[in-house]
Amino acid sequence: MTNALSRLLETRDWLMADGATGTNLFNMGLSSGDAPELWNTEHPDRIRTLYKSAVDAGSDIFLTNSFGGNASRLKLHDAQHRARELSRISAELGREVADASGRVVVVAGSVGPTGEIFAPMGPLTHEVAVEIFHEQAEGLKEGGADVLWLETISAPEEYRAAAEAFALAGMPWCGTMSFDTAGRTMMGVTSADMVDMVEALPNPPVAFGANCGVGASDLLRTVLGFAAQGTERPIIAKGNAGIPKYHDGHIHYDGTPELMAEYAVMARDCGATIIGGCCGTMPEHLEKMHEALSTRPRGPRPTLDEIAEKLGGFSSAADGTGEDDGPKRQRRGRRRG
Amino acid sequence: MSEEEDDIILSELDDEELVQQMFDDLYDGLKEEIEEGVNILLERGWAPYKVLTEALVGGMTIVGNDFRDGILFVPEVLLAANAMKGGMAILKPLLAETGAPRMGAMVIGTVKGDIHDIGKNLVSMMMEGAGFEVVDLGINNPVENYLEALEEHKPDILGMSALLTTTMPYMKVVIDTMVEQGIRDDYVVLVGGAPLNEEFGKAIGANAYCRDAAVAVETAKQFVARKHNQGVATV
């Protein structure tokens, strides 16, 4: 495969991705409730600034401002007809910034969830999901994205639909899920389940992993879960900068740049190759993360206790993997088979 | 699971066994079996309200507990809620006819500026599954929407949801407005959403923060029971 990301992965044993998009844009004046993707045409200068802040902090990869740029999400803003256009422009702006950086920087076309629940429980069919993702993928491809980057997915059906759409667009891709419910995704997928799902795809991603979720500790437990499956595929770790706290009418994430630096080094020791942040991760966090990844030596794979000690405790006792895979219900279990 | 136990004829079970089987069938999201079970109990002379509370709500409580404890996840809960809905469709007209007491009513919506709704939808489904009447205001609700809905539907509970750190403070705007208008204490206010926590719920003056849909249902039941004990009529 000859894409910028695969080439970088051949020569480097870790890469740094970017941080938050939403948190940064809100700081630049985005009103909550507005679609960030509309800024691709309304305030292209601010989007360039966002991208450049990640590149300047040392990121090898940054994600485009197109997370909610699919027809399903844009419909909430009556902009469903602009999915392809807004996605294309998000990548074009990214291309400009990456090409002006003087080094190889990967433009990753962000693709977020549709926000719909799949049939039969919800309204979304596989065919429609593929169509929605395909439209966005073509836009990102036209705009010059090096790879597509699926993120914050909970349902395996949605991950598979996106993979199929990316194959239709003929694009290499990465894809992360969000493990926010007792160490699993909202739909119950464990880290081990995800490895199995990814490896069974006809067009598996260049790299896979976890983003967002609860806190840095939980995210690293998930990365350890991936690594325990013995996968050879590069693992992505994009955790939040701590947990949001409410003080005097304002919200801030409690993860300091120093804590995120610690998280980055530990993520690499856990087995992650591509390391970045998610919500609350600002340029100052990225700078510290980059410095730590560049200067500190690799260490042995940390234990769960060491992670909890350095980054804080876990949100749940178990994560559905390994021998202690949580409680089970005693069933009468006599239903017609 | 042995062969001879594979086929269960619901109508051959006695009441107690049938209710136990319905708990399992709800757990497995078997809608047709739940509908059949409801009809059998009704034919046997059970009052609609007893079918609702003992068979359906009882079964959904198990689903809710296992969801809370991380044993069941969203897909299973949605299936269970769907099966529950099948049973409720049969019971609803009968409950109205017999003037059975209401479990309670809730107005729910995602706050202004926030367009996320999966969590809220899940709470709606679980609340309906527990027998509550739910008025869902959808996403992006300014304070006026909440106030109008409270005025119109007179629910027991107001539920607010937010997924963004930037939108969660709006919950306080709604509660403060209710205080100003002197109607705050007429309702139980429950809040939820990924970035919230108990501390936040207290800080803004909500009655409770609910970590997930299962906790929301349990909390709602407790508050409504307390309200009834105080003799505040809601029917």
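Small disclaimer: the values here were computed from a predicted structure and weren't measured.

1. So, the overall build of chain A
Here is step 1: Assigned secondary structure in chain A consists of 13 helices and 10 strands.
Here is step 2: At 19 Å, chain A has a C-alpha radius of gyration in line with the 20 Å of a compact globule built from 337 residues.
Here is step 3: By its C-alpha atoms, chain A is 60 × 50 × 50 Å across when sized along the principal axes.
Here is step 4: Taking all 337 residues of chain A together, the buried fraction comes to 54%.
Here is step 5: The contacts in chain A between residues at least 6 apart in sequence include a share of 80% that link residues at least 24 apart.

2. Focus: the UniProt feature "binding site: Zn(2+)" (unreviewed entry) in chain A
Residue and element names in this part refer to chain A.
Here is step 1: Cross-referencing UniProt, the feature "binding site: Zn(2+)" (unreviewed entry) maps to C212, C278 and C279 in the present numbering. Spatial clustering of the annotated residues is evident: they stretch over 68 residues in sequence, but the largest pairwise C-alpha distance comes to 6.7 Å.
Here is step 2: Examined against the element boundaries, C212 turns out to sit in strand β6 (residues 207-212).
Here is step 3: The class for C212 is buried, based on 20 C-beta atoms found within 10 Å.
Here is step 4: Residue contacts for C212: discarding those within four places in its chain leaves T152, S178, N240, C278 and C279.
Here is step 5: Checked against the element boundaries, C278 lands in the loop between β10 (274-277) and α12 (283-295).
Here is step 6: When residues no more than four places from it in sequence are discounted, the contact partners of C278 are A20, N211, C212, K238, G239 and N240.

3. Quick word on the packing of helix α11 (residues 257-270) of chain A against α12(A)
Residues and elements named next belong to chain A.
Here is step 1: One way to put it is that α11 packs onto α12 with a least axis distance of 8 Å and a crossing angle of 45°. Taken together, the axes of α11 and α12 are oblique relative to one another. The crossing of α11 and α12 is right-handed. In this structure, α11 contributes P257, E258, M260, A261, A264, V265 and R268 to the contact, and α12 contributes E284, H285, K288, M289, E291, A292 and L293.

4. Thoughts on the environment of A108(A)
Here is step 1: Tracing the chain through its elements places A108(A) in strand β3 (residues 106-111).
Here is step 2: The residues touching A108(A), leaving out its near neighbours within four places in the chain, are I61(A), F62(A), L63(A), T64(A), A145(A), D146(A), V147(A), W149(A) and C174(A).

Cut-offs used in this document
- Residues numbered from 1 in each chain as written.
- Chains lettered and ligands numbered in written order.
- Predicted model: local features only at pLDDT ≥ 70, side-chain atom pairs only at ≥ 80, totals over all residues.
- Helix = DSSP H or I, 4+ residues; strand = E, 2+ residues; numbered from the N terminus.
- Rg over C-alpha atoms; globule rule 2.2 N^0.38 Å.
- Buried ≥ 20, exposed ≤ 12 C-beta atoms within 10 Å, placed from the backbone.
- Contact = placed C-beta atoms within 7 Å.
- UniProt positions renumbered as here; feature names shortened; annotations may be inferred.
- Axes fitted to C-alpha atoms, helices over the stretch in contact; angles between N-to-C directions.
- Parallel < 35°, antiparallel > 145°, perpendicular 65-115°, else oblique.
- Left-handed = near helix turned anticlockwise from the far one by under 90°.

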